[in-house]
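Examining the three-dimensional arrangement
If you want the building blocks of each chain, they are given just below.
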Amino acid sequence: MHKHHSALGLAACPVKTANSLEIARQRPVQPVTLIRPHAARRAARFFVEKFKGRSLYAVKANPSPELIKLLWESGITHFDVASIAEVRLVADVAPRATLCFMHPVKAEEAIREAYFTYNVRTFSLDSLEELEKIMRATDQATDLTLCVRLRVPNDHAKLSLGAKFGAAPHEVKALLFAARQAADALGICFHVGSQTMSPSAYVQALGRVRNAIVEAAVTVDVIDVGGGFPSIYPGMEPAPLEAYFDAIHNAFEALPVSYSAELWAEPGRALCAEYASLLVRVERRRGDQLFINDGAYGALFDAAHVAWRFPVALVREGGSDAKDMAFSFYGPTCDDMDHMAGPFMLPADVDVGDYIEIGMLGAYGCAMRTGFNGFTAGETVVMSDEPMASAYVEALPERALPSNVVKL
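Residues numbered from 1 in each chain as written. Predicted model: local features only at pLDDT ≥ 70, side-chain atom pairs only at ≥ 80, totals over all residues. Heavy atoms only, no water.

**Examining the side chain of arginine 149**
- Positionally, arginine 149 belongs in strand β7 (residues 145–149).
- It turns out arginine 149 is buried and unbridged, and the closest side chain with the opposite charge, aspartate 126, is 6.1 Å from it.
- Once residues lying within four places of it in the same chain are set aside, the contact partners of arginine 149 are Pro104, Ser124, Leu125, Asp126, Leu161, Phe165, Gly166, Ala167, Cys189, Phe190 and His191. (Helix = DSSP H or I, 4+ residues; strand = E, 2+ residues; numbered from the N terminus. Buried < 20%, exposed > 50% of the residue type's maximum accessible area, 1.4 Å probe, protein only. Lys, Arg positive; Asp, Glu negative; His and termini not counted. Salt bridge = Lys/Arg side-chain N within 4 Å of Asp/Glu carboxyl O. Contact = heavy atoms within 4.5 Å.)

**Considerations on the pattern of salt bridges**
- In the structure shown here, the tally under the stated rule is 18 salt bridges.
- Between arginine 121 and aspartate 143 there is a salt bridge, with the nearest N and O atoms lying 2.8 Å from each other. Highlighted residues: arginine 121 in the loop between α4 (108–118) and β6 (122–125) and aspartate 143 in the loop between α5 (128–137) and β7, separated in sequence by 22 residues.
- For aspartate 143, a relative accessible area of 31% corresponds to the partly exposed category.
- With a shortest N-O distance of 3.0 Å, arginine 316 and aspartate 349 are connected by a salt bridge. Taken together, the positions of arginine 316 in strand β15 (residues 312–316) and aspartate 349 in the loop between β17 (339–347) and β18 (355–358) put the pair 33 residues apart, joining distant regions of the chain.
- Classification of aspartate 349 as partly exposed rests on a relative accessible area of 34%.
- Three or more residues joined by partner-sharing salt bridges are found here, namely Arg36, Glu357 and Asp385.

**A word on the packing of aromatic side chains**
- Within the structure shown, the criterion is met by 17 aromatic pairs.
- Arranged with centres 5.8 Å apart and planes meeting at 80 degrees, the rings of tyrosine 233 and phenylalanine 310 form a pair that is edge-to-face. With tyrosine 233 in the loop between β11 (222–224) and α8 (241–253) and phenylalanine 310 in the loop between α10 (301–305) and β15, this residue pair connects regions lying 77 residues apart in the sequence.
- Judged by its relative accessible area of 2%, tyrosine 233 falls in the buried class.
- Three or more aromatic residues joined by ring pairs form one cluster here, namely Phe46, Phe47, Phe51, Tyr202, Phe229, Tyr244, Phe245 and Tyr392.
- One cation-aromatic arrangement involves lysine 106 over phenylalanine 101; the distance from NZ or CZ to the ring centre is 5.8 Å.
- Above the ring of phenylalanine 291, the side-chain terminus of arginine 284 is found at 5.3 Å from the ring centroid. (Phe/Tyr/Trp six-rings, centres within 6.5 Å; stacked < 30°, edge-to-face > 60°. Lys NZ or Arg CZ within 6 Å of the ring centre and 35° of its normal.)

**A closer look at the sheet that holds β6**
- Ordered in space as β3-β4-β5-β6-β7-β9-β11-β12, the eight strands form a closed barrel in which the pairing is parallel. In this sheet, adjacent strand axes meet at a mean angle of 25 degrees when their direction is disregarded.
- In this structure, strand β5 (residues 98–101) lies alongside β6, joined through two bridges in parallel fashion. Following the sheet pairing, phenylalanine 101 is matched in β6 by phenylalanine 123. (Pairing = 2+ DSSP bridges. Axes fitted to C-alpha atoms, helices over the stretch in contact; angles between N-to-C directions.)

So this is what it looks like as structure tokens:
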């Protein structure tokens, strides 16, 4: 067991600092998480400086204590938490942060602890039952910001989040009116889905917000456009984030809301995707199938279960002159579902003992990791180079360009 020197120690080995081209020479047996704090700082500053409102980090995307502290230090002062465990985590790491409990269905005990122990005053809801629960749990508090979540289309998202939560159109009027009576500040929120590929998704959703406000005839103090801000992956190259920000701001300015109303957003993926990648070793090759030492029950949940195509690069002494071909991956567990179909484009001569870097895993990589079959993460190493792709840098160094070979 490795001991850590602070409360922010990671759950793997002690963090080291290295250049990205040095790691494979050490021949690690377990997968190595490569983190790039400078990339997360850059993303945070981009949102703080360019989004014309308040950015709440969605902790579920990556609950690493080190990342939370880094985002706080970079100007992210508000955090979207979805469980009492996330409330406790952020309160411990960034005790001066403002916590917003944005899960629409919460345990009454969690609401009570959040309110009375951790000073949480902002809660999301999508039903009258949840409103009643919040009021009971807070002893009929009069200092609440209550955000009513609307159900909106997820047509432009790569991962839909539109079925589980959100008040239906016929429920919204009564819910907004009741929440207005109970709230110190009334908000409306929604989620257009994860990895939303068009700014028009937010404009469409804000159109529904407008209709809801007009029908309910209530004063609204907060408009929260949720998450969905995209990152860059193979085959998924969205418009610049500034286009999203401009579209949201213009639609917000046209809403019939309080003159002092605030605009909020809940970026998760966009703040942390570039923060981490993973170095894995090839344990077996079977034709166009590579057996690697991480997979669906580790950091590659999305690659397996929603067919997410992450960027990959072969890391080999001397590189490779072979042409690229399409591979799929199998993870290390005994389960057939531990399979990542890809395709992942790598040099045709990749073989047992080679190392592969899988990029853009800062979002939902470590967050989804389990210890199934006894396979866990190895070291975490701090990198000084750039991520494989960036929404915040116009031109990246050569190693981060589409070439799939990193020469040592």
